[in-house]
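Residue-level structural notes
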Amino acid sequence: MSREPGCSRWLLFAACAHLVFLLPPLRARAFAVSVVSEGAEDETELPVLQNSEKSRTISKIGRELKGIVFVIQSQSNSFHSKRAEDLKRDILKQAVDLGKELPTVLLIHQIDKHEGAWTILPLMTDFSVTYGRNSSWIFFCEEDTRIQVIKLVETLRRFDKSKEWFLGKALYDEESTIIHHYAFAENPTVFKFPDFAAGWALSIPLVNKLAKKLKSEPLKSDFTIDLKHEIALYIWQKGEGPHLTPVPEFCTDDVNSYKVDHCATTFSNFLPLCGEPVNKEDVFVAVKTCRKFHGDRIPVVKQTWEREAALIEYYSDYADISIPTIDLGIPNTDRGHCGKTFAILERFLNRTSPRTPWLVVVDDDTLISIFRLRKLLSCYDPNEPVFLGERYGYGLGTGGYSYITGGGGMVFSRTAVQKLLASKCRCYSMDAPDDMVLGMCFSGLGIPITHSPLFHQARPMDYPKDYLSHQIPVSFHKHWNIDPVKVYFTWLAPNTEESSNGKKVGYNREDL
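A few points on the structure. All of these numbers come straight from a predicted model, not from anything done at the bench. Within every chain, residues take consecutive numbers counted from 1 along the sequence as written. Given that the model is predicted, a residue must reach a pLDDT of at least 70 before its local features are reported, and side-chain atom pairs must reach 80 or more before they are shown or counted; all residues, however, enter totals for whole chains, interfaces and linings. Only hydrogens and water are removed before side-chain values are computed, so all heavy atoms of the structure are retained for them.

**Thoughts on the overall build of the chain**
What counts as a helix is a DSSP run of H or I of at least four residues, what counts as a strand is a run of E of at least two, and both are numbered from the N terminus. A tally of helices and strands in the chain yields 14 helices and 26 strands. Summary of the burial criterion: residues with accessible area below 20% of their type's maximum are buried, those above 50% are exposed, and those between are partly exposed, where the area comes from a 1.4 Å probe applied to protein chains only. Relative to its 512 residues, the chain shows a buried fraction of 52%. Here, two residues are considered to be in contact whenever any of their heavy atoms come within 4.5 Å of each other. For the chain, long-range pairs separated by at least 24 residues make up 71% of all intrachain contacts whose partners lie at least 6 apart in sequence. The Shrake-Rupley method, run with a 1.4 Å probe, gives the accessible areas here. Residue values count only the displayed protein chains as cover. Here the chain has roughly 24,100 Å² of accessible surface; of this, 52% comes from carbon and sulfur atoms.

**What to know about the sheet that holds strand 4 (residues 104-107)**
Taken together, the six strands give an open sheet; going across it, the order is 4-3-5-10-7-12, and neighbouring strands pair in mixed fashion. This sheet does not close on itself; its edge strands, each paired only once, are strand 4 and strand 12 (245-246). Judged from the two bridges that link them, strand 7 (residues 166-168) and strand 12 form a sheet pairing that is parallel. Within the sheet, the bridge partner assigned to Gly 168 lies in strand 12 and is Pro 246. Axis definition: a line fitted to C-alpha atoms, limited for helices to the stretch in contact. Angles are taken between N-to-C directions and run from 0 to 180 degrees. Set on the sheet, helix 5 (residues 149-156) makes contact with strand 3 (68-72), strand 5 (137-141), strand 7 and strand 10 (200-203); between it and strand 3 the angle comes to about 120 degrees. Two strands are counted as paired when DSSP detects at least two bridges linking them.

**Digging into the pattern of salt bridges**
Here, a salt bridge means any Lys or Arg side-chain nitrogen found within 4 Å of an Asp or Glu carboxyl oxygen. On inspection of all chains with the given rule, the structure shows 21 salt bridges. The residue Asp 434 makes a salt bridge to Lys 288 at a minimum N-O spacing of 2.5 Å. Of this pair, Asp 434 sits in helix 12 (residues 434-444) while Lys 288 sits in strand 14 (residues 283-288), and the two are 146 residues apart along the sequence. When sorted by exposure, Asp 434 lands in the same class as Lys 288, which is buried. As a salt-bridge pair, Asp 462 and Arg 459 come within 3.0 Å of each other at their nearest N and O atoms. Residues participating in the shared-partner salt-bridge network are Lys 82, Asp 86 and Arg 89.

**Looking at unusual backbone geometry**
Pro 324 follows Ile 323 through a cis peptide bond whose omega is -10 degrees. The phi torsion at Gln 237 lies on the positive side, around 50 degrees, for a residue other than glycine. With respect to the element layout, Gln 237 can be found in the loop between helix 7 (227-236) and strand 12. Among the residues examined, Gln 237 registers a relative accessible area of 21% and is labelled partly exposed.

**Section: the pairing of strand 17 (residues 358-363)**
In terms of residue burial, strand 17 counts as a mostly covered element, since six of its six residues are buried. Residues Trp 358, Val 360 and Val 362 of strand 17 are buried on one face, and the alternating residues Leu 359, Val 361 and Asp 363, pointing to the opposite face, are buried as well. The pairing of strand 14 with strand 17 spans six bridges and is parallel. Bridging across to strand 17, Val 283 finds its partner in Trp 358. Looking at chain direction, strand 17 and strand 22 (residues 410-413) are connected through four bridges and run antiparallel. Looking at strand 22, one finds that Val 360 is bridged to Val 411.

**Focus on the layout of surface pockets**
In the cavity and pocket records, a cavity denotes points on a 1 Å grid over the protein atoms alone where a 1.4 Å probe fits but cannot get out, a pocket denotes an open set with protein on both sides within 12 Å along at least 5 of 7 lines, and lining residues are residues with an atom within 4 Å of a point. Grid points are joined across faces, edges and corners, and a volume is the space filled by probe spheres set on the points. Computed from the structure, the second largest pocket encloses a volume of approximately 940 Å³. Taken together, 36 residues make up the lining of the second largest pocket; nearest its centre are Asp 363, Gly 407, Gln 457, His 477 and Lys 478. With three residues, helix 12 is the largest single contributor of residues to the lining of the second largest pocket. By the convention adopted, Pro, Cys, Tyr, Trp, Phe, Met, Ile, Leu, Val and Ala count as nonpolar, Lys, Arg, Asp and Glu as charged, and the other residues, Gly among them, as polar. Classifying every residue of the lining of the second largest pocket gives twelve nonpolar, ten polar and 14 charged.

**Some remarks on helix 9 (residues 338-351)**
Turn by turn, an α-helix covers 3.6 residues, leaving residues three or four places apart pointing in a common direction. In this analysis, the expected span of each helix is defined as 1.5 Å times one less than the number of residues it contains. Given a rise of 1.5 Å per residue, 14 residues ought to cover 20 Å, and the 19 Å separating the end C-alpha atoms of helix 9 matches this to within 8%. Among the residues making up helix 9, those that are buried are Cys 338, Gly 339, Lys 340, Thr 341, Phe 342, Ile 344, Leu 345, Arg 347 and Phe 348.

**Section: a nonpolar patch on the surface**
Two joining distances apply to patches: 9 Å for like charges and 5 Å for nonpolar side chains (Val, Leu, Ile, Met, Phe, Trp, Tyr), and every residue must have over 30% relative accessible area and no salt bridge. Residues Ile 178, Tyr 182 and Trp 480 make up a contiguous nonpolar surface patch of roughly 320 Å² in combined accessible area. Along the chain, the position of Ile 178 falls in the loop between strand 8 (170-171) and strand 9 (193-194).

**Digging into the nonpolar core**
One finds Met 124, Phe 127, Leu 202 and Leu 373 to be the most contacted residues of the largest nonpolar core, which totals 80 residues. Residue contacts for Leu 373: discarding those within four places in its chain leaves Val 360, Ile 368, Val 411, Phe 455 and Val 474. Counting 28 residues, the second largest nonpolar core, distinct from the first, contains Ala 84, Ala 95, Leu 152 and Phe 250. Take the buried Ala, Val, Leu, Ile, Met, Phe, Trp, Tyr and Cys residues and link them wherever side-chain atoms come within 4.5 Å; each set so joined is a nonpolar core.

**Looking at the environment of Leu 98**
Along the polypeptide, Leu 98 turns up in the loop between helix 3 (78-97) and strand 4. Owing to a relative accessible area of 9%, Leu 98 belongs among the buried residues under this scheme. C-alpha separation for the pair Leu 98 and Ile 150, spaced 52 residues apart in sequence, amounts to 8.7 Å. Those residues in contact with Leu 98 that lie beyond four places of it in its chain are Ile 58, Ile 61, Leu 65, Val 149 and Ile 150.

**A word on the packing of helix 9 against helix 12**
Look at helix 9 against helix 12: their axes get within 8 Å of each other, and the N-to-C directions meet at 60 degrees. Overall, the two elements helix 9 and helix 12 adopt an arrangement that is oblique. Here Cys 338, Thr 341, Phe 342 and Leu 345 of helix 9 come into contact with helix 12, specifically with Asp 434, Val 437, Leu 438 and Cys 441. A per-class count over the contact of helix 9 with helix 12 returns six nonpolar, one polar and one charged. Oblique is the label for every angle not falling under 35 degrees (roughly parallel), over 145 degrees (roughly antiparallel), or within 65 to 115 degrees (roughly perpendicular).

**Some details on the packing of aromatic side chains**
Within 6.5 Å between ring centres, the rings of Phe, Tyr and Trp (the latter by its six-membered ring) count as paired, and their orientation is classed by plane angle as stacked under 30 degrees, edge-to-face over 60, tilted in between. For the coordinates displayed, the defined rule picks out 23 aromatic pairs. Where Phe 196 meets Trp 200, the ring centres are 5.1 Å apart and the plane angle is 10 degrees; that geometry is what we call stacked. A relative accessible area of 6% means that Phe 196 is categorised as buried. A ring pair is formed by Phe 476 and Trp 491, whose centres lie 5.7 Å apart and whose planes are at 70 degrees; its orientation type is edge-to-face.

Below, the structure written as structure tokens:
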């Protein structure tokens, strides 16, 4: 960075001018603005402008803003839809302050003609037909993304809108992972994919190209597991399409952080809490296990998160009074556990207090924070049919259904269980995949699943560090090549330090 005396004086002048820009019109006699020509790389500060020039500049920003289609990756659950509506109102309010030109703001869950609208790619044809002529960008964001509209317009202005652009905050795998089917196994760091929390953008020429390709070549993948990675792979087209272009103004730092002065987007980095956490007695925990894992997996549960649960039962193919486990009379299978899971649902409905509104079903190698889950559940209405966890999809390009993947934990409201069992939808075989069958059942009932990125089907090291850095996770899954007790106390315990034999034990996430 330059240390010349003139540089510091110029930066001070620019900062002061920017402050004046933020003042109400009656107090601001003049201001400095940043104007960038399309396709340019560097911003150029123009001289102080008079009020008439200010009006023309704001009007230009308003016109450019109208060319941006905002797509909020929303959900129909009442908690999530309200958050998305709040974000929509904020975007439009900022737009009104810039003039009469308003952008289009879409909520994914309201585009109900597509079962797989949340996977984005099935919408490309509609985006192309509707916005392909009169718009410049499709900008995607999550319900907790916070956007500074002026800075976003200025950021996008750096890129030639007539060309194919795929913009975002870049994530990458430090090692190959099963989540991404061990893609780029020799060097996984070379492939970049967007962090949705920071927002990401496609130029209209790229949208039109993708729509044309999808029309001639339908989507081939059956499963949607990690959408951000799979979208980047599809756009890249084995080198024939664009790579993700990293944009430093797309940020996931908290809105109150000192780091965000340059950011066009920020992210609400917190665990949702909508009142007092639900009571311990309001959450019933069902652990699926089997005899061969009683000796190694169950002790991990007891050393870690069992103490957080007031109501917990272990369901197995063998009654072991030392744990204790309950034999549901269903043999263990090497494939899916549909029969066992539906037996658990029946037992929850018929053998527990009707005043217990929540059921959590986890595997014996799931690591979960019941403490954080109780906070999260304060945001959901148990009188609604809630089916919550990490969302996967099957066959969503051509119909299909969404489901909550079991390893990260499946959370049911009692109302959801009642509606499910009343429907008579059941396993097509005892060893069918329970999570996928549940997804089919709820889809048939018209009950959408509710996704939370805080539940994880894999281990912490299977995710980019920068992705986890803006999360307060609720769960992880699998004991492969890790110390699961260490993972729990590092990532999930109510405090990062836990007392062990009178000694404080602390772990560094960077070590995992």
